[in-house]
Amino acid sequence: MEINGKTAYRTLNVLFAAAEADPFIKIGGLGDVAGSLPNAISYLSTKKHTFPSVDIRLVLPFYPQLKAREIPSDLITTFTIKSTDGLLQAEVFSTNFSGITTYLVSGDPIIRSQMVYSSDFRLDAEKFIFFSLACLLLPHALGWKVDILHLNDWHTAIAAHVLKKTVLKPRELKHTRTILTIHNLPFMGAGAEPGLAKFRVKPATNKDLPKWGRRLPLPMGLAAADQIIAVSPKYSKEILTSKYGCDLQNFLATRQSHISGILNGIDTQHWNPATDPHITENYDSQNLQKKKINKVAILKEFNFKQKVKIPLLILVSRMDPQKGVDIAIEALKLIKDVPWQAILLGTGDPNLENACKALVELLPEKVRALMQFDSKLSRRLYAGADILMMPSRYEPCGISQMIAMRYGCIPVASATGGLVDTIQDAENNDNATGFLSPEANSQSFSHTLLRAIETYQNQDQWHQLMISAMAQDFSWDRSAQQYIERYTSLAHGYIKKR
Ligand code: GLC
């Protein structure tokens, strides 16, 4: 339907590009989001008849380890990408995941780098520049007009830059607008220069960008994207400060009117203590005594003497400096004479893994550590534990705290980024859901842990905390709705719903 030359009712086409998406491939939080946000948007659009309806499709690199899983997929198109090594062929396969059409892009730079994220920055940059360029060629190859190209992090950011610089656009990209979601600002695509040269991508010319940023994929994308979305409202403000802005704060200030925050959600069916088949006893906020059965079981599993009355603290995290694992370790040392027991789970930085093991040696009665990724065990921990420790140095959104709250496991976290947006501190607050440490250091974190441990002694107050935490709505619905609104207000030729 045309009104004043504008299309009133038409499906809004969105191509969602990411380096990882669960269940295809997942390394970190980006994989969780890219694996659930498109589905949430599509669900909202079809089941609740949003205006307009949204056809959202996912595009991922076809990593060798993904190919090895022999996911049923069809080769649907091939095209070539120009490089200084000549024309490189891209092959695009199509598959379907819970109703979402997913395109998997293969090609020499993707096959050659082997890993999802390799320690060779150069290889990574080449792979993701190739992938980003393929995302721009795909709509024409499919004959599919794209309204919104939704990019995520540095891996796909360069597509916004190249699209903006392209003078002769195919009709499928004529009116395409770009959104770049920032999940993690410090990762900008270091080592990309040879890759940019190889694919003849010219540097950014934006004078507000620091010189070093004009040749880095993320800043280049941030300068070109029509909208920038951070994964929480708080982080969208923090990136404008010198503390969190990674030296891009002054440049980001020039783009402030295009920056906003949308909080991530979690899949509340997937993370549900009432139905979770991997925990010892299912429970909800009406029968919290059953949560205790999970605590007894996990204490037994980890060979603790059965001290159910002592708070059980957990750390479930990538072993990464960002997550403040060292802060937690030092804070626990500071309060070693107070009664608590702790289990640390995760893999990553060998130094941090060793520090966890050293804490077990120092406090063998109180601490257990398992240096591995184990998603089923993490569920038993959320179900059995009283407190989740999350002393992040920065946290664009954070997922574990939302999962923990859903399982009645109370977060003790740094007051940063999405942690502030999702946790309400217990100080003078009847609707509290956790405890926030003002600073990300061991002193501040140990004080906050003590505050939580003291509160734990008052079981009525603790019970209320659990009830409030479990009552929080962290489902994707709200975020999906907000993304659809952003798409609609940004897309060319839409009449806003009155
Ligand atoms: C990154 C951020 C994390 C966020 C996730 C998903 O991993 O560090 O805070 O939750 O992306 O957006």
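Above this text sits the structure in question.
Rules used throughout
Residues numbered from 1 in each chain as written. Predicted model: local features only at pLDDT ≥ 70, side-chain atom pairs only at ≥ 80, totals over all residues. Heavy atoms only, no water. Pairing = 2+ DSSP bridges. Helix = DSSP H or I, 4+ residues; strand = E, 2+ residues; numbered from the N terminus. Axes fitted to C-alpha atoms, helices over the stretch in contact; angles between N-to-C directions. Near = heavy atom within 4 Å. Polar contact = N/O pair within 3.5 Å; in protein donor to acceptor, adjacent residues only side chain to side chain. Areas by Shrake-Rupley, 256 points an atom, 1.4 Å probe, with all protein chains shown as cover. Domains from an automatic or database assignment. Buried < 20%, exposed > 50% of the residue type's maximum accessible area, 1.4 Å probe, protein only. Contact = heavy atoms within 4.5 Å. Expected span 1.5 Å × (residues − 1). Core = buried A, V, L, I, M, F, W, Y, C linked by side-chain atoms within 4.5 Å. Salt bridge = Lys/Arg side-chain N within 4 Å of Asp/Glu carboxyl O.

### Structural notes on the sheet that holds strand β17 (residues 435-437)
Strand order across the open sheet formed by 6 strands is β14-β13-β12-β15-β16-β17, with parallel pairing between neighbours. If you trace the sheet from one side to the other, it starts and ends with β14 (367-370) and β17, each paired once. Between one strand axis and the next, the sheet turns through 20° on average, direction left out of account. Across 4 bridges, the pairing between strand β15 (residues 387-390) and strand β16 (residues 410-414) is parallel. The residue bridging Leu388 from the neighbouring strand is Pro411, located in β16.

### Here we look at the site of the ligand
In the vicinity of the ligand, the contacting residues are Gly29, Val33, His183, Asn184, Val231, Asn264, Gln322, Glu395, Pro396, Cys397, Gly398 and Ile399. In the environment of the ligand, an oxygen atom lies 3.4 Å from a nitrogen or oxygen atom belonging to the backbone of Pro396. Relative to its unbound accessible surface of 310 Å², the ligand loses 95% to contact with the protein. Split by domain, the shell around the ligand shows at least three residues from each of two domains, domain 1 (2-265 + 477-491) and domain 2 (289-474).

### Details of the side chain of Thr448
Along the chain, Thr448 turns up in helix α16 (residues 442-457). Using a relative accessible area of 2% as the deciding quantity, one classes Thr448 as buried. Ignoring anything within four residues of it in the chain, the contact list for Thr448 reads Val412, Phe435, Leu436, Ser437 and Pro438.

### Describing helix α18 (residues 477-490)
Taking 1.5 Å as the rise per residue, α18 with 14 residues should run 20 Å; its terminal C-alpha atoms sit 20 Å apart, in good agreement. Taken together, the buried positions of α18 are Ser479, Ala480, Tyr483, Ile484, Tyr487, Thr488 and Leu490. Buried residues along α18 sit against β3 (12-17), α1 (29-47), β4 (54-61), β8 (148-152), β9 (177-182) and β10 (227-230).

### Describing the side chain of Ser83
Its place among the elements puts Ser83 in strand β5 (residues 74-83). In this structure the side chain of Ser83 is engaged in a polar contact, spanning 3.0 Å, whose partner is the backbone nitrogen of Asp85. From its side chain, Ser83 meets the backbone oxygen of Gly86 in a polar contact 2.8 Å long. Leave out the neighbours within four places in its chain, and Ser83 touches Leu88, Lys198, Phe199 and Arg200.

### Notes on the pairing of β4
In terms of burial, β4 is a largely internal element, 7 of the 8 residues being buried. Where β3 and β4 come together, 6 bridges link them in parallel fashion. Each bridged residue has a counterpart across the sheet, and for Leu12 the counterpart in β4 is Val54. In this structure, β4 lies alongside strand β7 (residues 100-107), joined through 4 bridges in parallel fashion. The partner of Val59 across the bridge, within β7, is Tyr103.

### Topic: the nonpolar core
Counting 99 residues, the largest nonpolar core has Ile41, Val59, Leu185, Leu222 and Tyr487 as its most contacted members. Top contributing element to this core by residue count: helix α4 (residues 121-142), with 10 residues. Here Ile41 is in contact with Val54, Ile56, Ala480, Tyr483, Ile484 and Tyr487, once residues within four sequence places are set aside. Membership of the second largest hydrophobic core comes to 72 residues, among which are Leu288, Val316, Leu359 and Met402.

### Structural notes on the pattern of salt bridges
This structure, assessed with the given rule, holds 19 salt bridges. Bridged by salt links that share partners, the residues Asp85, Asp108, Arg112, Glu126 and Lys198 form one connected network.

### Overview of the sheet that holds β4
Strands sit in the order β5-β6-β7-β4-β3-β8-β9-β10-β11 across an open sheet of 9 strands; the sheet is mixed. Each edge of the open sheet is held by one strand with a lone partner, namely β5 and β11 (259-261). Averaged over neighbouring strand pairs, the angle between their axes works out to 25° when direction is ignored. Bridge analysis of strand β6 (residues 86-97) against β7 gives 8 bridges, and the strand direction is antiparallel. Looking across to β7, one finds that Ala90 is bridged to Gly107. Contacting β3, β8 and β9, helix α5 (residues 153-165) crosses the sheet at an angle of about 145° to β8. Here α18 sits on the sheet in contact with β3, β4, β8, β9, β10 and β11, set at roughly 150° to β9.

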